[in-house]
Amino acid sequence: MALQCGIVGLPNVGKSTLFNALTAAKAEAANYPFCTIDPNVGVVTVPDERQKKISEFVKPQNVVPTTMEFVDIAGLVAGASKGEGLGNQFLANIRETDAIIHVVRCFEDENVIHVDGNIDPIRDIETINTELLLSDLESLEKRLTKVSKSAKGSKDVSVLAELSLTQKLVATLGDGKPARSVEIDENEAPIYKQMHLLTSKPVLYLCNVSESEFTGEKSEYVKKVEKLAESENNQCLSICSALEAEIALLDSIEEKIEFLESMGLSESGLTRLIHKSYSLLGLITYFTAGEKEVRAWTIRKGTKAPQAAGVIHSDFERGFIRAETYHCEDLFNLKSESAVKEAGKYRSEGKEYVVKDGDVMLFRFNV
């Protein structure tokens, strides 16, 4: 499941520095706007200690973690929805992502210019959010003109549903509210999904702070962003891009752990960001485990067994018979799959079984 998070924000807020650390890619980081012209896409593994522990018991030949994609998109400015700063091109890139990581500058540094002259995270957020909203409104108004013509005299249920939904969205965005604030029923959901609205995506505000603030007292800038995120029912996380870039340069895991411990940290900000992004998208992990490999698979929370099997191969879903499963915690407690079976924790589940985070699955199928 190739799910993407788009990293957006104003120029010079630390997006590309963060992306470089996150993916070990080489996106150009420079102290001027628009240094990132094409979106940089990086695939990162989702850290999961459970997979490591499963492997200690199963002893496979290979361990294959699940992944996420992060897309570094060039800095937006006021007027982006009208093409300022190559805005239209960048906004089109955001439409292809599943969620938005909105990087907000919450640090003072006279050596790094701010596009608006001073630090004001709430103003910066409003600038980006306004451009996303205006871009959505423009595309919806064009869509409304088109669908209104199609709906004249029509009794087609899908056309009328599209008209009603588009009208509702135009009214909402016209009031300055994002598309995600609109209640969508099950009949409208397929239409809504293929609209690819920028303001329909879940948002994580990522406060980029100085090293001293990351390990010390929370700044007023961060407190303001946290308050805004809470009011919008969005999520918020603080990170120090410069610090994460230093950690990324270390060669061994031991060095990274030692560095983190010296800073009084148990895990890197990037690890927290990956997990937070995973949660933001409503994702969970199940595992397949055998002598050949222990592999992690990404599914959405609430996925039933046949659809979870389909993530591995469409034949698994098409010919689904049953799922043999146990939870990884049972393996950790009982120390072996045979002990899990003896304890009655190994189960056979049918088509209605909802897969849980941490399940270890074996699918039986016939095509």
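Residues numbered from 1 in each chain as written. Predicted model: local features only at pLDDT ≥ 70, side-chain atom pairs only at ≥ 80, totals over all residues. Heavy atoms only, no water.

## Here we look at the overall build of the protein chain
On a plain count of helices and strands, the protein chain comes out with 15 helices and 12 strands. Every one of the 367 residues in the protein chain was classed for burial, and the buried ones make up 46%. When contacts within the protein chain are restricted to residue pairs at least 6 apart in sequence, long-range pairs at least 24 apart make up 69% of them. For the protein chain, the accessible area works out to roughly 18,400 Å², and carbon and sulfur atoms hold 49% of it. (Helix = DSSP H or I, 4+ residues; strand = E, 2+ residues; numbered from the N terminus. Buried < 20%, exposed > 50% of the residue type's maximum accessible area, 1.4 Å probe, protein only. Contact = heavy atoms within 4.5 Å. Areas by Shrake-Rupley, 256 points an atom, 1.4 Å probe, with all protein chains shown as cover.)

## Here we look at the sheet that holds strand S7 (residues 235-239)
If you walk across this open sheet you meet the 6 strands as S2-S4-S1-S5-S6-S7, and the pairing is mixed. This sheet does not close on itself; its edge strands, each paired only once, are strand S2 (40-45) and S7. Adjacent strand axes in the sheet meet at a mean angle of 25°, parallel and antiparallel pairs treated alike. Bridge count between strand S6 (residues 203-208) and S7: 5 bridges; the pairing is parallel. Within S7, the residue paired with Asn 208 across the bridge is Ile 239. (Pairing = 2+ DSSP bridges. Axes fitted to C-alpha atoms, helices over the stretch in contact; angles between N-to-C directions.)

## Digging into the pattern of salt bridges
For the structure on display, the rule yields 16 salt bridges. Close ionic contact of Arg 143 with Glu 162 constitutes a salt bridge, the shortest N to O distance being 2.9 Å. One end of the pair, Arg 143, is in helix H4 (residues 121-151); the other, Glu 162, is in helix H5 (residues 157-174), with 19 residues separating them in the sequence. For Arg 143, a relative accessible area of 22% translates into the label partly exposed. Of the charged contacts in the structure, one is a salt bridge between Arg 347 and Glu 349, with a shortest N-O distance of 2.9 Å. If you follow the salt bridges from partner to partner, you end up with Asp 48, Arg 50 and Asp 357 in one network. (Salt bridge = Lys/Arg side-chain N within 4 Å of Asp/Glu carboxyl O.)

## Points about a negative patch on the surface
Side chains of Asp 251, Glu 254, Glu 255, Glu 258 and Glu 261 sit close together on the surface and give a patch of like negative charge. Within the element layout of this structure, Glu 254 appears in helix H10 (residues 253-262). By relative accessible area, which is 58% here, Glu 254 ends up exposed. (Patch = residues over 30% accessible without salt bridge, like charges linked within 9 Å, V, L, I, M, F, W, Y side chains within 5 Å. Lys, Arg positive; Asp, Glu negative; His and termini not counted. Charge placed at Lys NZ, Arg CZ, Asp CG, Glu CD.)

## Concerning the side chain of Thr 288
If you trace the backbone, Thr 288 turns up in strand S8 (residues 283-289). Residue class for Thr 288 comes out buried when judged on its relative accessible area of 15%. Within the structure, the side chain of Thr 288 is placed 2.9 Å from the side chain of Trp 297, a separation counted as a polar contact. When residues no more than four places from it in sequence are discounted, the contact partners of Thr 288 are Glu 293, Val 294, Arg 295, Trp 297, Ile 312 and Met 361. (Polar contact = N/O pair within 3.5 Å; in protein donor to acceptor, adjacent residues only side chain to side chain.)

## Some points on unusual backbone geometry
Notably, Asn 12 is not glycine yet its phi reads approximately 65°, a positive angle. Along the chain, the position of Asn 12 falls in the loop between strand S1 (4-8) and helix H1 (15-23). Residue classification places Asn 12 among the buried residues on the basis of a relative accessible area of 12%.

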